[in-house]
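As a plain string of letters, each chain reads:
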Amino acid sequence: GGVIGFDFVMNDLQLEEPFDWERFRDPRREFYAVISDVTSGLPRYVSKKEPVDILKAVQASATMPFVSKPVTLDDVPYLDGGCTDKVPIEWALQHKFEKIIVVRTRPAGYRKGEDSQLQKDMIQRFYRSTPEFAQTLADSNGRYDRQMEEIERLDRRGRILQIAPSQPVTISRLEGDMEKLGALYYLGYHDARAMMPKIKEYLGSQRAD
């Protein structure tokens, strides 16, 4: 019922690229999906250790507002976690994660700015029956910009490490141009290679605070 082929991603793709379930289920490995409660307007951080279908949570975390039907977990409708928590840096800090690497999808310094009037009108039209979610969604750009300020501050301090594209990202949210997608893939590959010495230094260092 949405624009993303989740049946293919979650099922058919396994025939071509089998997922390493043994490694994923290793209890020593943590995994969380961030999803947005459409009724309360609050984020939820779902662990694979909870008695919840983690693949459903992953699907919810990639279910975009406006163009997709919410995914239901425990009789609650959920959408993309980015609706309520663009980059869950505060959650990671609160849970005492020692080494935090933030992989950004926009160059350092990028800010979203205020929503357009069209976007504000769309939020009210689509989500007037869930006012808490509508209010949270309406402030998502402002929250993103504040989070980016904090991420860049923590990166300068050496508390976290951010990886950001070295060039502007021009693809659309539902890009179908394989040339553009391929170019972005290799941009990420080469940027990560260039950052590798810094990544190793950060992961091997002791916390300053």
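Preceding this section is the structure that the text describes.
Quick caveat: nothing in here was measured; it's all calculated off a predicted structure.

Chemist: Tell me about the pattern of salt bridges, and name the residues and values.
Modeler: One pass over the full model with this rule turns up 11 salt bridges. Among the ionic pairs, D26 bridges to R28, the shortest N-O distance being 2.7 Å. We classify D26 as buried; its relative accessible area is 14%. Where D139 meets R143, a salt bridge forms, and the shortest distance between an N and an O atom there is 3.5 Å. For D139, a relative accessible area of 28% translates into the label partly exposed. R143 sits in the buried class, given a relative accessible area of 16%. Salt bridges sharing partners connect three or more residues here, namely R104, R111, E149 and E152.

Chemist: Help me get a handle on the packing of aromatic side chains, residues and values and all.
Modeler: Following the criterion strictly, the structure yields 13 aromatic pairs and no others. Look at W21 and F24: their rings are 5.8 Å apart centre to centre, the planes differ by 85 degrees, and that puts the pair in the edge-to-face class. Here F24 and W21 lie together in helix α2 (residues 21–24), a separation of 3 residues that amounts to about one turn. Judged by centre distance (5.8 Å) and plane angle (35 degrees), the rings of W91 and F97 are tilted. Accessibility expressed as a relative area gives 14% for W91, which makes it buried. Cluster of aromatic residues (ring-pair linked, three or more members): F19, W21, F24 and F31. Across from the ring centre of Y110, 4.9 Å away, lies the NZ or CZ of R106, which sits over that ring. Above the face of the Y144 ring, K112 is positioned so that its terminal group lies 4.9 Å from the ring centre.

Chemist: Which residues make up helix α7 (residues 140–157), and what are the values?
Modeler: Relative to the 26 Å expected for 18 residues at 1.5 Å per residue, α7 spans 26 Å between its end C-alpha atoms, a close match to the ideal helical length. In this structure, the buried residues of α7 make contact with α4 (89–94), β5 (101–103), α6 (131–138) and β6 (161–163). Count one or two residues on from α7 and you reach G158, which has phi positive near 85 degrees.

Chemist: So what's going on with a nonpolar patch on the surface? Which residues, and what values?
Modeler: Residues I101, V103 and L203 make up a contiguous nonpolar surface patch of roughly 260 Å² in combined accessible area. Along the chain, V103 turns up in strand β5. A relative accessible area of 61% places V103 in the exposed class.

Chemist: Go over a negative patch on the surface, please, and point to the residues and values.
Modeler: A cluster of acidic residues, D7, D12, E16 and E17, forms a negative patch at the surface. As for its placement among the helices and strands, E17 is situated in the loop between α1 (6–16) and α2. For E17, a relative accessible area of 58% translates into the label exposed.

Chemist: Describe the pairing of strand β4 (residues 76–80), listing the residues and the values that go with them.
Modeler: Bridge count for strand β1 (residues 32–37) against β4 is 3 bridges, and the pairing is antiparallel. Across the sheet, residue S36 finds its bridge partner in β4, namely L79. As defined by bridge partners, strand β3 (residues 71–73) adjoins β4 across 3 bridges and the pair is classed as antiparallel. Bridge pairing links V71 to Y78 in β4.

Chemist: Account for unusual backbone geometry, naming residues and giving values.
Modeler: A positive phi angle is found at D74, which is not glycine, with a value near 50 degrees. Within the fold, D74 resides in the loop between β3 and β4. Residues other than glycine seldom take positive phi values, yet K96 does so here, at roughly 65 degrees. Here K96 shows up in the loop between α4 and β5. Note on K96: relative accessible area 64%, which makes it exposed.

The rules behind these values
For every chain, the first residue of the written sequence is number 1, and numbering continues from 1 onward in sequence order. Only residues with pLDDT of 70 or above have their local features reported here, since the model is predicted, and side-chain atom pairs are shown and tallied only from 80 upward, although totals for entire chains, interfaces and linings are computed over all residues. The side-chain figures draw on all heavy atoms in the structure; neither hydrogens nor water molecules are used. Think of a salt bridge as a Lys or Arg side-chain nitrogen and an Asp or Glu carboxyl oxygen that are within 4 Å of each other. To sort residues, take the accessible area from a 1.4 Å probe on protein chains only and compare it with the maximum for the residue type: under 20% means buried, over 50% means exposed, and anything in between is partly exposed. Only centres within 6.5 Å qualify two rings of Phe, Tyr or Trp (six-membered ring in Trp) as a pair; their planes then separate them into stacked at under 30 degrees, edge-to-face at over 60, and tilted for everything else. We count a stretch as a helix when DSSP gives it H or I for four or more residues in a row; a strand needs E for two or more, and each element gets its number in order from the N terminus. Charges are assigned to positions over rings by a cutoff of 6 Å between ring centre and Lys NZ or Arg CZ, combined with an angular limit of 35 degrees from the ring normal. A helix is expected to span 1.5 Å multiplied by its residue count minus one. Working rule for contacts: check all heavy atoms of both residues, and any pair within 4.5 Å makes them a contact. Each patch is assembled from residues with relative accessible area greater than 30% and no salt bridge, linking like charges that lie within 9 Å and nonpolar side chains (Val, Leu, Ile, Met, Phe, Trp, Tyr) that lie within 5 Å. Methods summary: accessible areas were calculated by the Shrake-Rupley approach with a probe of 1.4 Å, and residue burial reflects only the protein chains presented. Only four residue types enter the charge count, namely Lys and Arg as positive and Asp and Glu as negative; His and the chain termini do not. By convention, charge coordinates are those of NZ in Lys, CZ in Arg, CG in Asp, or CD in Glu. Whether two strands pair comes down to DSSP finding at least two bridges between them.

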